[in-house]
Amino acid sequence: MMADIYLAIDVGGTNIKYGLIDRGGKLLEKHTVPTPHDSFEKFIDSLNQLIAQYSERLKGVALSVPGTVVHPQELILGGGNVPFLDRKELPKYLKVPAGVPLAVENDGKSAALAEMWLGNLKGVVNGAAIVLGTAIGGGLIINQHLYTGSHFQAGEFSFMSNSHDFSEKNIIGFNLGSAVGMIEHVSEALNLPTKKDGRAVFAEINKGNPIALKIFHEFCREIALLIINVQSVVDLERFVIGGGISAQPIVISSIDAAYEQARKQIPLLDKTFHRPEIMAGKFQNDANMYGALYNLLLKVNGEDDETQWGVQHN
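Please read all numbers here as calculations on a predicted model, not as lab measurements. (Residues numbered from 1 in each chain as written. Predicted model: local features only at pLDDT ≥ 70, side-chain atom pairs only at ≥ 80, totals over all residues. Heavy atoms only, no water.)

So, helix H1 (residues 40–54)
- The terminal C-alpha atoms of H1 lie 22 Å apart, and with 15 residues this matches the ideal 21 Å at 1.5 Å per residue to within 8%.
- Among all positions in H1, only Phe40, Phe43, Ile44, Ser46, Leu47, Asn48, Leu50, Ile51 and Tyr54 are buried.
- Packed against the buried residues of H1 are strand E1 (5–11), strand E2 (15–21), strand E3 (27–34), strand E4 (58–65) and strand E7 (88–89). (Helix = DSSP H or I, 4+ residues; strand = E, 2+ residues; numbered from the N terminus. Expected span 1.5 Å × (residues − 1). Buried < 20%, exposed > 50% of the residue type's maximum accessible area, 1.4 Å probe, protein only. Contact = heavy atoms within 4.5 Å.)

Put into structure tokens, the structure is as follows:
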């Protein structure tokens, strides 16, 4: 008899990643399909096809999506790079087998939940996940629980400003803090064949190309300053960095170095504030799938049963 499995779906602006995960957190298989942008109807059809493919074995369906997710109705606000998700309640449109639970969570919060469940925030009382991509996603773990805020919008780091001139051009996640923007900026400066080849950009960064390094270090400083700002508000033990570029060791080491440099520039900060750990997230591009599943498990089983899903409380 085949084991019960969970279908975890990560909706992104470019691709939909989906995988089968067992209740112990073992990823059994993983696939990617392009995100349909023609219409909301085609998008829903693609999700329903995925669900139907595994319907006989499903123990649950978990989704990670861009945009604010208002619980318990699972209403999406905004939708990020998938704008037709705005004001949609996905459970109303998805054809899930009778008795099979469904849960939806924001992508940044999913990443934080993944790291709290089985990753580098496991056992950490207060921490955060910062996800570097087109913008900056994230999630806050406070007292070993996901902190969502009053309107389910805590951890939306993209909307922090890096200037007293509070305008869209100075919003961190859509300017210097955008990993995609950094890669495009380096590509343009070096006249690379395409603006979206992250591997080519990091090949230049890793070999010490001064033009690439200057742009890259500006990006890392932006993330370091974000960490300082968040730390001044919530006093965390550890920040884990996620997103595709976190697989590059130079990203974490450079953000950490930029954080240290910023502290040294303000002696009072360096003398007064505890220095949090800064490290890569464990799951990188798979984090949202794992976190979506953990969100479902908490919804179905309740937070009193967290320890059976791998979270250790002090």
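Here's the deal with the sheet that holds strand E5 (residues 68–70)
- As summarised here, the arrangement of the 3 strands in space is E5-E6-E7, forming an open sheet in which the pairing is antiparallel. A strand with exactly one partner marks an edge of an open sheet, and here the two such strands are E5 and E7.
- Pairing geometry for E5 and strand E6 (residues 75–77), over 3 bridges, is antiparallel. Residue pairing for E6: Val69 is matched across the bridge by Ile76. (Pairing = 2+ DSSP bridges.)

A short note on helix H3 (residues 179–190)
- Here H3 spans 17 Å end to end across 12 residues, near enough to the 16 Å set by a 1.5 Å rise per residue.
- Burial in H3 covers these residues: Ala179, Met182, Ile183, Val186, Ser187 and Leu190. Within H3, the buried residues cover an arc of 135° as seen down the axis, which keeps them to one side.
- On its buried face, H3 is in contact with strand E9 (127–132), helix H4 (198–206) and helix H5 (210–234).
- Taken from the residues just after H3, Asn191 is the one with a positive phi, measuring 55°. (Arc of directions from axis to C-beta.)

What to know about the packing of helix H2 (residues 107–118) against helix H8 (residues 287–301)
- At a minimum axis distance of 7 Å, the contact between H2 and H8 shows a crossing angle of 80°. The angle between H2 and H8 places the two elements in the roughly perpendicular class. Residues Asp107, Ser110, Ala111, Leu113, Ala114, Met116, Trp117 and Leu118 of H2 touch H8, and the partners they reach there are Ala287, Asn288, Tyr290, Gly291, Ala292, Leu293, Tyr294, Asn295, Leu297 and Leu298.
- Counted by class, the contact of H2 with H8 contains 13 nonpolar, 4 polar and 1 charged residues. (Axes fitted to C-alpha atoms, helices over the stretch in contact; angles between N-to-C directions. Parallel < 35°, antiparallel > 145°, perpendicular 65-115°, else oblique. Nonpolar A, V, L, I, M, F, W, Y, C, P; charged D, E, K, R; others polar.)

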